[in-house]
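Residue-level listing of the chains:
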Amino acid sequence: MNKYLEDLVKLSKFDTKISMFEPQIENEKAKLATFVETAEAIKTSINDTYAQIDDVKSKRTKNNIHLAELKTKLDDISRKHNEVQNEKELKALQLEEEITKEQISFANEEIARLDEITEEKESQLKEFQEKLAEEEDSIKEIQVSVDEKIENINKERNSVYQERSELLEKFDNKILTFYEKIKRWAKDTAVVPVKKQACYGCFMKINDKTYAEVIKSDEIINCPHCGRILYKEDETVEA
């Protein structure tokens, strides 16, 4: 293979590797982010549950106060029975007593209902807290794993950058400029292999003459369709 073409293939592979490092890092961070988002959602549920419990307890307190007032009122009605002077006053007093007893019964039922809600919410709160503890443990474990993988990716990236820099030190400037112009629009597919007599950048079939020149690898050949730099991989590499 032409020395310049060989260097272009190496450079292109280095650039392809380099462009893949950042997505790999983001992918590792995304793994952690998923658990962090879940933990944050659980924290929100915990705060909401606390607020709901406080609201229910506040309503219970109001009902307790109202119940105490109703019991006081019922005691007053009992005392008034001794002061009744006629049947009309008696009936009015009995009606008021009946209504007050109904209100007391309703208040007791409401307090019991609020107690059930509080118990249910406190049970939910305990479950949320247990889930949060599990998620936080998982986050700690995954954080260690993610940090380790990102560190390894960065080490590999630094190694590739070093090899790329060493290659560029002996690179022909004209060839490099030519490559960079194609790379501006072709990105990581500036240099592509020919497989089954087709450019693996635009996937168009190339003619026999161009294909023969690519196989010879004596010169740098561009795809007649898209302009990418073409090369023929070794049979073992292609396989």
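Rules behind the numbers
- Residues numbered from 1 in each chain as written.
- Predicted model: local features only at pLDDT ≥ 70, side-chain atom pairs only at ≥ 80, totals over all residues.
- Heavy atoms only, no water.
- pLDDT = per-residue confidence, 0-100.
- Helix = DSSP H or I, 4+ residues; strand = E, 2+ residues; numbered from the N terminus.
- Buried < 20%, exposed > 50% of the residue type's maximum accessible area, 1.4 Å probe, protein only.
- Arc of directions from axis to C-beta.
- Contact = heavy atoms within 4.5 Å.
- Polar contact = N/O pair within 3.5 Å; in protein donor to acceptor, adjacent residues only side chain to side chain.
- Salt bridge = Lys/Arg side-chain N within 4 Å of Asp/Glu carboxyl O.
- Pairing = 2+ DSSP bridges.
- UniProt positions renumbered as here; feature names shortened; annotations may be inferred.
- Axes fitted to C-alpha atoms, helices over the stretch in contact; angles between N-to-C directions.
- Parallel < 35°, antiparallel > 145°, perpendicular 65-115°, else oblique.
- Left-handed = near helix turned anticlockwise from the far one by under 90°.
- Nonpolar A, V, L, I, M, F, W, Y, C, P; charged D, E, K, R; others polar.

(A) Up close: the confidence of the model for the protein chain. Summarising the model, the protein chain shows a mean pLDDT of 93, and 97% of its residues fall at 70 or more. When pLDDT is averaged over each element of the protein chain, strand β4 (residues 229-231) comes out on top at 97 and helix α5 (residues 235-238) at the bottom at 46.

(B) Seen up close, helix α4 (residues 208-216). The complete set of buried residues in α4 reads T210, Y211 and V214. End-on, the buried residues of α4 take up no more than an arc of 100 degrees, which puts them together on one face. Away from the buried face of α4 by more than 90 degrees, exposed residues D208, K209 and K216 are located. In the core, the buried residues of α4 are packed alongside β1 (191-195), β3 (221-222) and β4. Its side-chain oxygen at 3.3 Å from the backbone nitrogen of K209, N207 defines the N-terminal cap of α4.

(C) Focus on the environment of K183. Tracing the backbone through its elements, the reader meets K183 in helix α3 (residues 173-186). In this structure, K183 is in contact with D15, D188 and A190, ignoring residues within four places of it in sequence.

(D) Structural detail: the pattern of salt bridges. As enumerated under the stated definition, the model contains 15 salt bridges in all. Across the salt bridge formed by K31 and E28, the nearest N and O atoms sit 3.2 Å from each other. Taken as a pair, K31 and E28 lie in helix α1 (residues 3-80) at a separation of three residues, close to a single helical turn. One salt bridge in this structure joins K209 and E213, with 3.0 Å as the shortest N-O distance. A residue pair is termed a helical-turn pair when its members lie 3 or 4 positions apart in one helix, as K209 and E213 do in helix α4 at four residues. K209 sits in the exposed class, given a relative accessible area of 58%.

(E) Highlighting the pairing of β1. For β1, the tally of buried residues reaches four of five residues, placing the bulk of the element in the interior. Relative to β4, β1 is paired through three bridges, and the arrangement is parallel. Following the sheet pairing, V191 is matched in β4 by I229. Note that β1 and strand β2 (residues 198-199) share two bridges and pair antiparallel. Within β2, the residue paired with K195 across the bridge is A198. The turn joining β1 and β2, which pair antiparallel and follow one another in sequence, is formed by two residues; a positive phi near 55 degrees is taken by K196.

(F) Highlighting the UniProt feature "coiled-coil region" (unreviewed entry) in the protein chain. The sites that UniProt annotates as "coiled-coil region" (unreviewed entry) are residues 67-170. Within residues 67-170, the helical portion is 93% and the strand portion 0%, while the C-alpha atoms at the span's ends are 92 Å from each other.

(G) Molecular detail of the packing of α1 against α3. Their axes nearest at 11 Å, the elements α1 and α3 cross at an angle of 45 degrees. As summarised for this structure, α1 and α3 are arranged oblique, according to the angle between their axes. In this structure, α1 meets α3 at a crossing whose hand is right-handed. Here Y4, L8, L11, S12 and D15 of α1 lie close against α3, whose contacting residues are I175, L176, Y179 and K183. Classifying every residue of the contact of α1 with α3 gives six nonpolar, one polar and two charged.

(H) Inspection of the sheet that holds β3 at higher detail. The four strands lie next to each other as β2-β1-β4-β3, forming an open sheet whose pairing is mixed. Unpaired on one side and paired on the other, β2 and β3 mark the two borders of the sheet. Both β3 and β4 contribute to a ladder of two bridges, which runs antiparallel. Looking at β4, one finds that N222 is bridged to I229. Set on the sheet, α1 makes contact with β1 and β4; between it and β4 the angle comes to about 105 degrees.

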